[in-house]
Amino acid sequence: MPTTSSETASSKTADSPPRLEVSGLTVTFGGLTALDDVSFTVADGETVALIGPNGAGKTTVFNAVCGLVRTRRGEIRVGGVPAPSSTTGLLGAGVSRTLQGLGLFEHLTVLENVLVPLTSVGTSTGTSTDAAQEVLGTLGLSDLAAVPAGTLPYPERKRVALARALVTRPRLLLLDEPAGGLGATDIDQLAQTVRTVSGGGCAVLLVEHHVDFVMDVADRVVVLDFGHVIACGTPDEVRRDPAVEEAYLGVPVSTSGSGISTSSATGAPGREESA
Ligand SMILES: Nc1ncnc2c1ncn2[C@@H]1O[C@H](COP(=O)(O)OP(=O)(O)O)[C@@H](O)[C@H]1O
Ligand SMILES: [Mg+2]
């Protein structure tokens, strides 16, 4: 049963619509129900983490928000209106996402990569370059602006992908495993960036296996299991929820080095291990 409290149910902006509202979302692939009646919201300035075992449906939620999979039932609203499904429509609605595979143009420079989304919405060259230089500065990438993205180590490439998502000044930012493959220092820096972005009013939805990071940055956590929302609440509420422990096969969701954080190493929480 989902955990809710009046505090978490009424998000930070009581009188305006949530930045993202997913209601009754159901997605099927042939005979497989990947998402079944999934509902949650993300308010402006709020960071919500979507967690759950592999195959739970996390990526499908992202793809549904971005119009990449057909929804069978339910509704996705951005800023109170139905979510656009085209890339330019999404950018116009203030939606940005990073991809798990980064999706950088390896032969283009860091600056050129960051300019791509601005080019696709037709921002003038001067304005674009200023915006790109600013976001590169914020993420500590200025010195690498002229370097081909493909030559950089993974943590820097990951920051370039984040810069590309931020350059359009999104109002809703979707981050797919932003901490994956990063070391402690880079994760701390990422957490700081997420806090700054959400502090500026952006709604952040992230999918992440790295539980320490989730517990650090998320205002609320939505737990998916087999396409169902099994818990939703503050990190503390979710950590104490028996249904969440059950989904992770009796492994308590603790903050350090155990429980579902082991999934960050294996990518697969212990469901199989208990069999
Ligand atoms: N394009 C697709 N076609 C068929 N099945 C899919 C497709 N995308 C996802 N699935 C299935 O839907 C379920 C949820 O997948 P996914 O959203 O990728 O889970 P998660 O991101 O939580 O690991 C899985 O059983 C997966 O195999
Ligand atoms: Mg996934």
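Residues numbered from 1 in each chain as written. Chains lettered and ligands numbered in written order. Predicted model: local features only at pLDDT ≥ 70, side-chain atom pairs only at ≥ 80, totals over all residues.

- In the annotation of an unreviewed UniProt entry, the protein chain is listed under the name Branched-chain amino acid transport system ATP-binding protein and assigned to Promicromonospora iranensis.

## Digging into the overall build of the protein chain
No. 1: If you tally the helices and strands in the protein chain, you get 11 helices and 10 strands.
No. 2: The buried share of the protein chain, taken over its 275 residues, is 43%.
No. 3: Of all intrachain contacts in the protein chain linking residues separated by at least 6 positions in sequence, the fraction that spans at least 24 positions is 68%. (Helix = DSSP H or I, 4+ residues; strand = E, 2+ residues; numbered from the N terminus. Buried ≥ 20, exposed ≤ 12 C-beta atoms within 10 Å, placed from the backbone. Contact = placed C-beta atoms within 7 Å.)

## Notes on the site of ligand 1
No. 1: Looking at ligand 1, the residues that line it are Phe 29, Leu 32, Ala 34, Gly 52, Asn 54, Gly 55, Ala 56, Gly 57, Lys 58, Thr 59 and Thr 60.
No. 2: By residue class, the composition of the shell around ligand 1 is four nonpolar, six polar and one charged. (Near = placed C-beta within 6 Å. Nonpolar A, V, L, I, M, F, W, Y, C, P; charged D, E, K, R; others polar.)

## Points about the confidence of the model for the protein chain
Low pLDDT means the predicted atomic positions in that stretch should not be read closely.
No. 1: Of all residues in the protein chain, 84% attain a pLDDT of 70 or more, and the chain-wide mean is 84.
No. 2: Low pLDDT, under 50, characterises residues 1-13; the stretch is placed with 28 contacts to residues that sit more than four places away or in other chains. (pLDDT = per-residue confidence, 0-100.)

## Looking at the nonpolar core
No. 1: Val 114, Ala 163 and Val 223 are the most contacted members of the largest nonpolar core, which has 73 residues in total.
No. 2: Ranked by the residues each element gives to this core, the list is headed by helix α6 (residues 154-166), at six residues. (Core = buried A, V, L, I, M, F, W, Y, C linked by C-beta atoms within 7 Å.)

## Concerning the sheet that holds strand β5 (residues 81-82)
No. 1: Read across the open sheet, the four strands follow the order β2-β1-β4-β5; overall the sheet is antiparallel. With partners counted over all chains shown, the strands left at the sheet margins are β2 (32-42) and β5, one partner each.
No. 2: With seven bridges connecting them, strand β1 (residues 20-29) and β2 associate as antiparallel partners. In the strand pairing of β2, Leu 25 is matched with Val 38. (Pairing = 2+ DSSP bridges.)

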